[in-house]
Amino acid sequence: MSLTIWLVILVPLAIFAWLVAQAMPSPRDRQLGRLRARARTLDLQVSLRQLKDPDPDPASRVSGGGRVRDAKLDLAAYTAPLRLPAGVEKRHAPAWRVCRMRHHAQEQYDEGLPAGWRFDLAELPLREPVLAELAALLARAPEGTAALEASAREVTLCWRERGEADAVDEVAALLADVVAFQLARAAESAQRERAGAGAAAGEDLAGSD
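The rules behind the values
- Residues numbered from 1 in each chain as written.
- Predicted model: local features only at pLDDT ≥ 70, side-chain atom pairs only at ≥ 80, totals over all residues.
- Heavy atoms only, no water.
- pLDDT = per-residue confidence, 0-100.
- Helix = DSSP H or I, 4+ residues; strand = E, 2+ residues; numbered from the N terminus.
- Contact = heavy atoms within 4.5 Å.
- 1 Å grid on protein atoms, 1.4 Å probe; cavity = no way out; pocket = protein on both sides within 12 Å on 5 of 7 lines; lining within 4 Å.
- Points joined across faces, edges and corners; volume = space filled by probe spheres on them.
- Polar contact = N/O pair within 3.5 Å; in protein donor to acceptor, adjacent residues only side chain to side chain.
- Buried < 20%, exposed > 50% of the residue type's maximum accessible area, 1.4 Å probe, protein only.

(A) Fine view of the confidence of the model for the chain. For the chain, mean pLDDT is 83; residues scoring 70 or higher make up 75% of the total. The secondary-structure element of the chain with the lowest mean pLDDT is helix α1 (residues 3-23), recorded at 53, while strand β6 (residues 154-159) shows the highest, at 98. Scored below 50 in pLDDT, residues 16-21 makes 0 contacts in the model with residues more than four places away or belonging to other chains.

Structure follows, in structure tokens:
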């Protein structure tokens, strides 16, 4: 057969093979599918989130043309719900977020936290026992963790998904303990509020005598 006929046959086949290869999931896609499927079995919600990079690589801060970039991180957010008990309202649960430094871990961190961790939002009572408990939780954060946060509704770990199903099990166990930590802070806040209200009521009664 002539070269032209071979080209007519082979070029479409090559294009078809390339399209099939593009449609096939990559090893990374399969890994992410396994991790997220495991997360769903553990009642974790998985979403994609873009966060401002708290500690970007110096090379990523400036474009080739010399323009300063606002470096971002594309991460997976694994979220566990938080349900406040009766008598504890949303205002009692402190909102907080801690971020991990990747390039300057030994130079940039907040006192009381493990090396590399800094508060991005801190409504927590920053007492030593609270910080020590939080530090112990952060020490368990899996490789690739970029941020850990909590609110009155949920707790979330943002990370560059690594490992296999056992890594997701560790994330789920950590988030369960962060939920317990957050509930304890909310209960403490509600108790302080009730104690303050009781003291104020006692002062009012004393003043009326």
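(B) Inspection of the layout of surface pockets at higher detail. Counted as a void, the largest pocket has a volume near 220 Å³. Forming the walls of the largest pocket are 14 residues, and the residues nearest its centre are K52, D53, P54, C99 and D120. Within the residue set of the lining of the largest pocket, elements represented by two or more residues are β1 (45-52), β3 (96-100), β4 (117-122) and β5 (145-150). Counting residues per element, the lining of the largest pocket draws most heavily on β4, which supplies 3 residues.

(C) Geometry of the environment of D120. Mapped onto the secondary structure, D120 falls in strand β4. Setting aside anything within four residues of it in sequence, one finds D120 in contact with R97, V98 and C99. There is a polar contact of 2.7 Å between the side chain of D120 and the side chain of R97.

(D) Molecular detail of unusual backbone geometry. Although it is not a glycine, D43 adopts a positive phi angle of roughly 65°. With respect to the secondary-structure elements, D43 resides in the loop between α2 (27-41) and β1. Of the residues examined, D43 reaches a relative accessible area of 62% and is grouped as exposed.

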